[in-house]
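# Close look at the chain arrangement
Below, each chain spelled out in residue letters.
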Amino acid sequence: MRQGTVLYPVEFKGIGLHSGEFARIVLHPEKAGTGIRFLAKGVYIPANYRYVLHTDHATLLGKEGVKVSTVEHLLAVLYILGLDNLTVEFLEGSEVPILDGSGYHFYKVLKDIRLELEEEVRVFEIKEVFEVKNCKAYIRVEPYEGFCALYRGYVKGLLEEGTVQYCGNVKDVVFARTFCYEEDVGFLRSRGLAKGGSLKNAVVIGKGYVHNPEGLRSKDEPIRHKLLDLLGDLSLLGIRIRGRVFSHMGGHTLNYAFVKSLAESSFSTSSTSSCVSTP
Ligand code: ZN
C-alpha cells in the first residue's frame, strides 16, 4: 500500500463540540514521510501519541503550550482513506469542527481527492497478542493479514451488548455520530465540555429513546462511533497496524494507553494492566 496525501488544500469550518468556538482548518498536501501534523499559532504538532495531553471525552494534542483538540474523527477518516501526509492548519480556533458529529463530511470531501505517492506506507506488524486493560475494559491486538478493528459495547437502556467491525468498508463507521447520555449533559457542561453540543451534532440518549427527532442512523450507531474514535486514536501510533484490534468497552483514555504501550513495548511482555479503584 502506497502513502497518500490530498491533491490540493481543502477547508472545513464550524464550531467545536467542547469549546463551542468557531474554527476553520485547511488541510494542505505534504510529501511522503511528513505524516499528519497540526499547525496552530506557528507550532507544528505531530498527530502522534507522544503529544497527547488529555483524553477526557476527546483527544487533545499539545506542544509548546499550543493545543488542538477533538482530533479523532478527522484522524479516523484520514486513516480510512489512506491519507498519511498532511498539515492541518488552524486559521481560526483550536478545536477541529464537529460538523454533524460523525466523520461523514470529512469523508465526503476527501474521498475523491487522494493523491497516491510513490513511497510505501510504514507498517507495524503485530507478531503476538498484546493487550491493555483497566477495570472494565480492554483492548487487544493479534496477528492478522491486513487490518481490522472491532468494538464491543452496549448503550445503556437502548442497545444490548453487540460487536461492530471495520475491515475496510468505510460505510461501517463513517456516518456514526458522537453521543452522550441525557443525564451527563449537565455534568459535561459543568466541566467546560460539550459547550458546542446540540442535537445537530450529537445524539443525546434518554431512557430507552434518543432525543434527536430523526432518530439513530443505525440501531448500533453509538458503538459504531466508538469504533470511529478507536480508529482515530490508533492513527496516533504514526504507523499503520497490520493486525486485528479488538476493543471491549474502550474509550479515548484506554485507546491512548494502548497505543502508547504498543509503541513503547518491545513485546517482552504481552500484557499490561492497570486497575486503580477510586473511592
Ligand atoms: Zn468521537
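Residues numbered from 1 in each chain as written. Predicted model: local features only at pLDDT ≥ 70, side-chain atom pairs only at ≥ 80, totals over all residues. Heavy atoms only, no water.

What follows deals with the nonpolar core. Among the nonpolar cores identified, the biggest contains 70 residues, and Leu-27, Phe-38, Leu-110, Ile-241, Val-245 and Phe-258 are the most heavily contacted of them. Here the element with the most residues in this core is helix 1 (residues 72-81); it accounts for eight residues. Mapping this core onto the domain boundaries places at least three of its residues in each of domain 1 (2-120) and domain 2 (123-273). In contact with Leu-27, not counting residues within four places along its chain, are Val-6, Tyr-8, Pro-9, Val-10, Phe-12, Leu-74, Leu-78, Leu-86, Thr-87, Val-88 and Leu-110. Ranked by size, the runner-up nonpolar core spans five residues in total, among them Cys-180, Leu-188, Ala-194 and Val-204. (Core = buried A, V, L, I, M, F, W, Y, C linked by side-chain atoms within 4.5 Å. Buried < 20%, exposed > 50% of the residue type's maximum accessible area, 1.4 Å probe, protein only. Helix = DSSP H or I, 4+ residues; strand = E, 2+ residues; numbered from the N terminus. Domains from an automatic or database assignment. Contact = heavy atoms within 4.5 Å.)

Once the domains are mapped, the protein chain shows domain 1 (2-120) and domain 2 (123-273). Once you take the C-alpha centre of each, domain 1 and domain 2 turn out to be 18 Å apart. Contact between domain 1 and domain 2 buries roughly 3000 Å² in total, counting both sides, with carbon and sulfur atoms accounting for 62%. Contact with domain 2 buries area across many residues of domain 1, yet Tyr-49, Tyr-79 and Ile-80 alone supply 28% of it, more than any other trio. The interface formed by domain 1 and domain 2 holds three salt bridges in total. Asp-56 is the partner of Arg-191 in a salt bridge, and the nearest nitrogen-oxygen pair spans 2.4 Å. Across the contact surface, domain 1 and domain 2 share 21 residue pairs in polar contact (both at pLDDT 80 or more). Within the residue set of the side of domain 1 that touches domain 2, elements represented by two or more residues are helix 1 and helix 2 (104-110). The leading source of residues in the side of domain 1 that touches domain 2 is helix 1, at eight residues. Looking at the side of domain 1 that touches domain 2, its residues break down into 18 nonpolar, 13 polar and four charged. (Buried area = accessible area lost by both parts, 1.4 Å probe. Salt bridge = Lys/Arg side-chain N within 4 Å of Asp/Glu carboxyl O. Polar contact = N/O pair within 3.5 Å; in protein donor to acceptor, adjacent residues only side chain to side chain. Nonpolar A, V, L, I, M, F, W, Y, C, P; charged D, E, K, R; others polar.)

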